[in-house]
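Residue-level listing of the chains:
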Amino acid sequence: MSAAPEPLAGLFRARVHVSAWRLLGLLLLASAFATLDLRAGIGPHDEGLMLQWGHRIASGEWPYRDFWCNYLPGQPLLQALLGDSLVVWRIVRALTGGIAAVLAYLLVRRETTDDRWALAAWAGVAAAMAWPLTAGPNASATALAFGALLAARGHWVRAGALAGLAFLFRPEIGVAAAIGAWALGDRRRWSPLITAAVVALLGLLPFLVVAPGDFLSQTFGFAGEQHLQRLPFPLAPHTSDPNKVLERLFPAILVAGTLLWAAVVLPRRRGGALVPLLLAGLAYLLARTDEFHLVPLAAVLAVALAAAAAREDRLALRVVLGAVLALIVLHGLDRQLGKLHDAEDMISVELPAGATVRDQPTDAHALADLAAAVDRRSRPGDPIVSAPPRYDRVRFGDSLLYRLLDRTNPTRYDVIQPGVVTKASVQREMRREIAAADTRLIVRWESPGARAQEPNGSGRSSGVTLLDDWIDRAYRRVGRYGDYVLLEKR
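All values reported here derive from a predicted model rather than from experimental measurement.

Caption draft 1: Quick look at the overall build of the protein chain. For the protein chain, the count of helices and strands is 20 helices and 6 strands. Since a compact globule built from 490 residues should have a radius of gyration of about 23 Å, the 23 Å found for the protein chain is in line with a globular shape. Taken along its principal axes, the extent of the C-alpha atoms in the protein chain is 75 × 50 × 40 Å. Within the protein chain, the fraction of its 490 residues that count as buried is 55%. Considering only contacts in the protein chain between residues 6 or more positions apart, those separated by 24 or more positions represent 75%. Seen as two clouds, the 53 positive and the 44 negative side-chain charges of the protein chain have centres 6 Å apart.

Caption draft 2: Summary view of a nonpolar patch on the surface. A surface patch of nonpolar side chains, about 670 Å² in accessible area, is lined by W190, I194, V198, L202, L205, V209 and V210. By the secondary structure assignment, V209 is in helix α10 (residues 191–210). Looking at V209, the relative accessible area reads 61%, which means it is exposed.

Caption draft 3: Broad picture of the confidence of the model for the protein chain. Looking at the protein chain as a whole, its pLDDT mean stands at 90, while 94% of the residues score no less than 70. Taken element by element, the predicted model of the protein chain shows its lowest mean pLDDT in helix α1 (residues 6–9) (31) and its highest in strand β3 (residues 384–387) (98). Note on residues 1–14: pLDDT under 50 across the span, and 41 contacts to partners over four residues away in sequence or across chains.

Caption draft 4: Spatial organisation of the sheet that holds strand β5 (residues 475–481). Taken together, the 4 strands give an open sheet; going across it, the order is β3-β4-β6-β5, and neighbouring strands pair in mixed fashion. The outermost strands of the open sheet, each flanked by one partner alone, are β3 and β5. Sheet twist, expressed as the mean angle between neighbouring strand axes with direction ignored, is 25°. Where β5 lies against strand β6 (residues 484–489), 6 bridges are found, and the strand directions are antiparallel. Paired with Y481 across the two strands is Y484, which belongs to β6. Each of β3, β4 (441–445), β5 and β6 is contacted by helix α16 (residues 361–377), which is oriented at about 10° to β6, the strand it contacts most. Taken strand by strand, helix α20 (residues 466–474) contacts β4, β5 and β6, and its axis lies near 90° from that of β5.

Caption draft 5: Structural detail: the environment of I91. Considering the arrangement of structural elements, one finds I91 in helix α5 (residues 86–109). For the pair I91 and L38, spaced 53 residues apart in the sequence, the C-alpha separation amounts to 7.3 Å.

Caption draft 6: Quick peek at the nonpolar core. If you look at the biggest cluster of nonpolar residues, it comprises 78 residues, and the most contacted ones within it are V125, F146 and L254. Element by element, the count of residues in this core is highest for helix α14 (residues 295–311), at 15 residues. Counting residues in hydrophobic clusters, the runner-up holds 65 residues, among them W68, L72, A80 and Y402.

Caption draft 7: Structural context of the packing of helix α8 (residues 156–169) against α10. Where α8 meets α10, the axes come as close as 7 Å, and the angle between the chain directions of the two elements is 40°. The angle between α8 and α10 falls in the class oblique. Between α8 and α10 the crossing geometry is right-handed. In this structure, α8 uses W156, V157, G160, A161, A163, G164, L165, F167 and L168 to contact α10, whose residues at the interface are S191, P192, T195, A196, V199, A200, G203 and L204.

Caption draft 8: Spotlight on the packing of helix α3 (residues 46–58) against helix α4 (residues 74–82). Interaxial distance between α3 and α4 falls to 7 Å at its minimum, and their mutual angle equals 70°. Accordingly, the angle class assigned to the pair α3 and α4 is roughly perpendicular. Residue-level contacts link M50, L51, W53, G54, I57 and A58 of α3 to Q75, P76, L77, Q79 and A80 of α4. Across the contact of α3 with α4, the residue classes break down as 8 nonpolar, 3 polar and no charged.

Caption draft 9: Quick look at the pairing of strand β1 (residues 347–350). Inspection of the sheet shows β1 paired to strand β2 (residues 356–359) by 4 bridges, in the antiparallel sense. Considered in β2, the bridge of V349 is made with V357. Between β1 and β2, which follow one another and run antiparallel, lie 5 residues, and G354 among them has a positive phi close to 105°.

Caption draft 10: How the structure looks around the packing of aromatic side chains. This structure, assessed with the given rule, holds 11 aromatic pairs. Ring centres of W62 and F207 lie 5.6 Å apart, and the angle between their planes is 65°; on these two criteria the pair is classed as edge-to-face. With a gap of 145 residues between them, W62 in the loop between α3 and α4 and F207 in helix α10 connect regions that are remote in the sequence. Exposure remark for W62: the relative accessible area of 29% places this residue in the partly exposed category. The class of F207 is buried, set by a relative accessible area of 6%. Pairing F215 with F220 gives two aromatic rings, centres 6.1 Å apart and planes at 80°, and the pair type is edge-to-face. By relative accessible area, which is 1% here, F215 ends up buried. Lying over the aromatic face of Y413, R412 brings its terminal NZ or CZ to 5.6 Å of the ring centre.

Cut-offs used in this document
- Residues numbered from 1 in each chain as written.
- Predicted model: local features only at pLDDT ≥ 70, side-chain atom pairs only at ≥ 80, totals over all residues.
- Heavy atoms only, no water.
- Helix = DSSP H or I, 4+ residues; strand = E, 2+ residues; numbered from the N terminus.
- Rg over C-alpha atoms; globule rule 2.2 N^0.38 Å.
- Buried < 20%, exposed > 50% of the residue type's maximum accessible area, 1.4 Å probe, protein only.
- Contact = heavy atoms within 4.5 Å.
- Lys, Arg positive; Asp, Glu negative; His and termini not counted.
- Charge placed at Lys NZ, Arg CZ, Asp CG, Glu CD.
- Patch = residues over 30% accessible without salt bridge, like charges linked within 9 Å, V, L, I, M, F, W, Y side chains within 5 Å.
- Areas by Shrake-Rupley, 256 points an atom, 1.4 Å probe, with all protein chains shown as cover.
- Salt bridge = Lys/Arg side-chain N within 4 Å of Asp/Glu carboxyl O.
- pLDDT = per-residue confidence, 0-100.
- Pairing = 2+ DSSP bridges.
- Axes fitted to C-alpha atoms, helices over the stretch in contact; angles between N-to-C directions.
- Core = buried A, V, L, I, M, F, W, Y, C linked by side-chain atoms within 4.5 Å.
- Parallel < 35°, antiparallel > 145°, perpendicular 65-115°, else oblique.
- Left-handed = near helix turned anticlockwise from the far one by under 90°.
- Nonpolar A, V, L, I, M, F, W, Y, C, P; charged D, E, K, R; others polar.
- Phe/Tyr/Trp six-rings, centres within 6.5 Å; stacked < 30°, edge-to-face > 60°.
- Lys NZ or Arg CZ within 6 Å of the ring centre and 35° of its normal.

Shown next as structure tokens:
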């Protein structure tokens, strides 16, 4: 069994001997840092989708066949196991970030006897992964990808299996992890790639059998609609608040840091195993440049910068690489401290369905009043529709209402996104399903965030007003509670 030659192996070759207590301490510290944001607010769209999908799966429904789902099944299945609690998921999410940070430490520890750069990678990944604690697939996929790279030397099948699992959460990260694991081992052995493909196929097989057309059109087919949500790349802060400059410039810092790393490392034919993951993170960030799309690139870049600095002989370059890594850490610290400040004004309210939410006082009381009004007019489990301000122009929706109110969605569309519910065929289908279920109540979520117009396709009307026109004819307004407008069937 021959090892890959030096130029191709590049990174993460030596054995690592680290105290288990040290690793446990790093895991707990990184996880504790993430949990500073544990009870801060609610995520109506991202958290709502995953909790609603998990609830549907736990109730016996199949993704793609019984409800529309544009994610691969990994994260919805995990959410089905965790249940409907936001706190439970956020604890798991914090631990996932902690695990990723420890794996980053081990990856860089293989590069150097100087423990400081390994700790710098740990700090960078801990900071990058700490927020958002929403139930998206990025953190799970990134942690699995780091595990695949760590297992790649001598454990090709294990590395491939972890990459295959990562594919079930985010396909581009899974593919990148498989290629990276292959690059770290003996390139004549295709075990990581083959194992990753087999694990991914086995994970997708039940859904390909049950609903092949729906699965392909809703996941890979939906990529053709992603341009509707693309945002322009911010090259300048565009803010008068000095506290927001780093936040606004951070995407540009990540891109510049990636180019810097490539210029320093790749001419020496080192670090090739990280290139696929960096490219995947870069493509994900450029697809929609906002705070929710930072995690994969920021986490992988932290590892890349620390590993490169550990092997760099020129002091000036080590300082520059370290400075970019320090900005990743500083951004994470600033974001967490800002969330702590925001959380000081939040209050907790218990809803009639038993859920406890923590939010700004106005929003929390409005939600409690809405829940009481819905309870007066319907029973738990009855159908209700959480609707955006309008269906012809959509930014995002509030799918979390279904779980908070303990009501069911009579349609198969929990996803409120442009390119989905803005289509005439979908609106006709939703209208039929709402009517067939004899749905008595609809909640219009008039949040400023949902009403905002972005400089992309989501900010333009599709011209399809079938569903809105029908709702206006068939339902009447019976109350307004903050951002929530309650409509009742005439």
